[in-house]
Amino acid sequence: MRLQGKVAIITGAANGIGLEAARVFLKEGAKVALVDYDAMTGEKRVAELQAEGEAAFYQVDVSNESQVVEMVAMVKERFGKIDILINNAGITKDNMLLKMSGEDFQKVMEVNVNGVFNCTQAVVPHMLENGKGKIINTSSVSGIYGNVGQTNYAASKAAVVGMTKSWAKEFGRKNINVNAVAPGFVETAMVETIPEKMIQTMLQLVPLQRLGKPSDVANAYLYLASDESDYVNGTVLHVDGGVMM
Ligand code: CAA
Ligand code: NAI
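Undergrad: Please set out empty space enclosed by the protein residue by residue, giving values where relevant.
TA: Inspection of every chain in the model, using the stated rule, returns one cavity of 30 Å³ or more. Volume-wise, the largest cavity comes out at about 30 Å³. In terms of lining, the largest cavity is formed by Thr 11, Val 62, Asn 87, Asn 88, Ala 89, Val 111, Gly 115, Val 116 and Cys 119. Here the element with the most residues in the lining of the largest cavity is helix H4 (residues 102-130); it accounts for four residues. Here the lining of the largest cavity is built from residues that sort into five nonpolar, four polar and no charged.

Put into structure tokens, the structure is as follows:
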């Protein structure tokens, strides 16, 4: 029960890594607010998770500031405090640079960058009130090394690293730890869009020779959300099987 009594907000929790994180956090004793814009799946998942612990679903587009502010107020009202924020929601709109529309560049930045900004700005005042907090942002190997066809996504995930390090400096003295996880290629819907041939080529770059599982990333979130990481701040934890792209 490494998160006993903690209250966590996890964005992008209706599917993939976020959903697995919600399961792991509930199992470890946290109360979890699952946030996603996919309401149909989110409501279904929360109904399934009720047996595991106290979970609630909030339909929110993280790129919409007023929806985020409203959600954070509702979570505070329901659970009394907010200890942990996992900024996990993210999207891709892959294309080669010369074919990428400005709209697709902008959309990915709005969700992956503005979404993280909106959620963090709304949650931090509650963590300051608590005198403690854990914020975990989700970057990617693409944000660290770059990736063909991912100008928008790689830029957004590099921005996540920059925000993480800035907030670690800004809020460290207030006992709020801010860290990022940079996953490699993980078996979720996001990776299903990649042609199989590319997956095989990419796997040759992974010393562990397999894709990541959602639980590999969820366990990294767990470590960074728990008291075990109280002296870890401003770091980017690579969960990628040792890939060098
Ligand atoms: N390295 C080098 N060259 C590459 C390449 C690579 N990885 N991928 C493609 N190319 C080359 C191709 O060989 C081709 O070259 P020629 O023009 O000389 O023939 C050229 O780039 C164009 O490639 P495509 O024919 O594939 O172009 P397309 O327009 O049909 O498709 C694309 C472009 C949509 C970006 C497609 O290549 C694609 O889906 N790529 C996968 C992108 C990717 O890795 N996405 C990760 C999604 S998962 C995720 O994002 C999670 C995470 O955090 C890691
Ligand atoms: P996924 O596509 O399975 O799940 C993402 C979830 O985010 C979905 O439930 C979706 O509805 C939600 N979401 C998307 N936009 C949203 C918005 N504007 N507001 C609220 N919710 C929104 O993706 P996956 O793989 O679970 O990704 C989770 C995070 O991990 C993302 O930030 C992604 O960029 C990152 N990541 C994923 C990798 C992978 O290979 N799967 C690798 C590296 C990073």
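Don't stop here, the text continues.
Undergrad: How would you explain the site of ligand 1 if you had to name every residue and give the values?
TA: Taken together, 19 residues sit near ligand 1, with Asp 94, Lys 99, Ser 140, Gln 150 and Tyr 153 positioned nearest. Note that an oxygen atom of ligand 1 is positioned 2.6 Å from one of the side-chain N or O atoms of Ser 140. Asn 147 is positioned with one of its side-chain polar atoms (N or O) 2.9 Å from an oxygen atom of ligand 1. Summarising the interface, the protein chains cover 56% of the accessible area of ligand 1, which totals 1,100 Å² for the free molecule. Within the residue set of the shell around ligand 1, elements represented by two or more residues are helix H5 (141-145) and helix H7 (189-192). Per-class residue counts for the shell around ligand 1 are ten nonpolar, seven polar and two charged.

Reading the values: the criteria
- Residues numbered from 1 in each chain as written.
- Chains lettered and ligands numbered in written order.
- Predicted model: local features only at pLDDT ≥ 70, side-chain atom pairs only at ≥ 80, totals over all residues.
- Heavy atoms only, no water.
- 1 Å grid on protein atoms, 1.4 Å probe; cavity = no way out; pocket = protein on both sides within 12 Å on 5 of 7 lines; lining within 4 Å.
- Points joined across faces, edges and corners; volume = space filled by probe spheres on them.
- Helix = DSSP H or I, 4+ residues; strand = E, 2+ residues; numbered from the N terminus.
- Nonpolar A, V, L, I, M, F, W, Y, C, P; charged D, E, K, R; others polar.
- Near = heavy atom within 4 Å.
- Polar contact = N/O pair within 3.5 Å; in protein donor to acceptor, adjacent residues only side chain to side chain.
- Areas by Shrake-Rupley, 256 points an atom, 1.4 Å probe, with all protein chains shown as cover.

These results come straight from atomic positions and should not be treated as a statement about function.
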